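# Fold and geometry: a report
Now for the letters of each chain:
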Amino acid sequence: MKISELLKQDTVTLSFEVFPPKTSSSYESVARATQEIAALRPDFMSVTYGAGGGTSEHTVNIAADLRKKYDVTVLTHLTCVSSTREHVAKMVQKYKENGIENILALRGDIPEGGAPHSDYHYAAELVRDIKSQGDFCIGGACYPEGHVEAANKTEDILHLKEKVEAGCEFLTTQMFFDNNIMYNFLYRIREKGITVPVIAGIMPVTNVNQIKRITSMSGTYLPERFKAIVDRFGDNPAAMKQAGVIYATEQIIDLIANGVNHIHVYSMNKPEIAAGIQASLSEILG
């Protein structure tokens, strides 16, 4: 099913992101985790794509298994900053051969020690390229707090509009921990004429190391209420996991109550986290 069709329905959707293994030796354990998440019957699952396409084969295999063996709608990521047009065409063909019709088109990050290719500079170029190669439903990323490389939020939204005009049919946000940031972002992009559906990306933070990575990579704003939770429970792994799931669930409930009906949870390949959030929303999801 094309995700654009799913998002047109007047219902709440819950989906999960998983990532493929970095090495073949860990493939089986990752595959088992993704299968347990698939057993929860989410509306769809996205499968990430390593920097520079380093996990591209595993991305295809995980996504194909989820679709064929577990009848889950899948969204495969595809990055371009470190890819040639030939490599992108090869990946698009593989997705097509495996019946995958949803692609999240991303510029991506340059791998450490690597260098960008000159074939692509922006995600909008990748969107147009994919569109020319088949009847895919293409999504894109958006940044409620602004992309770290953008001069300001206004410039970032202009780039976002270019991406939508290139053919993006829906957007998924980077993680955020203050819903007011999301509501303000939605107001600003609608004002600029960006009307495609926006899926809220939620990250349940279940350990202190995640916080360190999040703040160092993206500078995401952490509300005082969230910092207090980390200060109080950060040294107690079980308590931090429970508090992180509850905080994410409360975020989701508030979003749905305010009309943001499409939620994508960055599961970090943890079936118990995905299951905990889904169980807490059982009546809300209907």
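Above: the structure in question.
Reference entry: report on the structure contained in this document. Since the structure is predicted, the reported quantities are computational estimates derived from the model, not experimental observations.

What counts, and at which threshold
- Residues numbered from 1 in each chain as written.
- Predicted model: local features only at pLDDT ≥ 70, side-chain atom pairs only at ≥ 80, totals over all residues.
- Heavy atoms only, no water.
- Helix = DSSP H or I, 4+ residues; strand = E, 2+ residues; numbered from the N terminus.
- Expected span 1.5 Å × (residues − 1).
- Buried < 20%, exposed > 50% of the residue type's maximum accessible area, 1.4 Å probe, protein only.
- Arc of directions from axis to C-beta.
- Contact = heavy atoms within 4.5 Å.
- Axes fitted to C-alpha atoms, helices over the stretch in contact; angles between N-to-C directions.
- Parallel < 35°, antiparallel > 145°, perpendicular 65-115°, else oblique.
- Left-handed = near helix turned anticlockwise from the far one by under 90°.
- Nonpolar A, V, L, I, M, F, W, Y, C, P; charged D, E, K, R; others polar.

### A word on helix 4 (residues 85–97)
Helix length check: helix 4 (13 residues) gives 18 Å between terminal C-alpha atoms against 18 Å at 1.5 Å per residue, within 8%. Taken together, the buried positions of helix 4 are Val88, Met91, Val92, Lys94 and Tyr95. Viewed end-on, helix 4 has its buried residues packed into an arc of 160 degrees, placing them on one side of the element. Within helix 4, the exposed residues directed more than 90 degrees away from the buried face are Glu86 and Glu97. Buried residues along helix 4 sit in contact with helix 3 (56–70), strand 3 (74–79), strand 4 (102–106) and helix 5 (123–131). A positive backbone phi angle near 70 degrees is found at Gly99, which sits one or two residues after helix 4.

### Comments concerning unusual backbone geometry
The backbone phi angle of Met268 is positive, close to 55 degrees, even though this residue is not glycine. Examined against the element boundaries, Met268 turns out to sit in the loop between strand 8 (262–266) and helix 11 (271–280). A residue is classified by how much of its surface remains accessible, and Met268, at 28% relative accessible area, is partly exposed. If you check the backbone angles, Asn269 has positive phi at about 60 degrees while not being a glycine. Residue placement: Asn269 occurs in the loop between strand 8 and helix 11.

### Here's the deal with the packing of helix 10 (residues 237–257) against helix 11
The contact between helix 10 and helix 11 brings their axes to 10 Å, and the two run at 45 degrees. The orientation of helix 10 with respect to helix 11, classified from their angle, is oblique. When you trace helix 10 past helix 11, the crossing you get is right-handed. Seen from helix 10, the contacting residues are Lys241, Val245, Ala248, Thr249 and Ile252; seen from helix 11, they are Glu272, Ile273, Gly276, Ile277 and Ser280. Its residues placed into classes, the contact of helix 10 with helix 11 shows 5 nonpolar, 3 polar and 2 charged.

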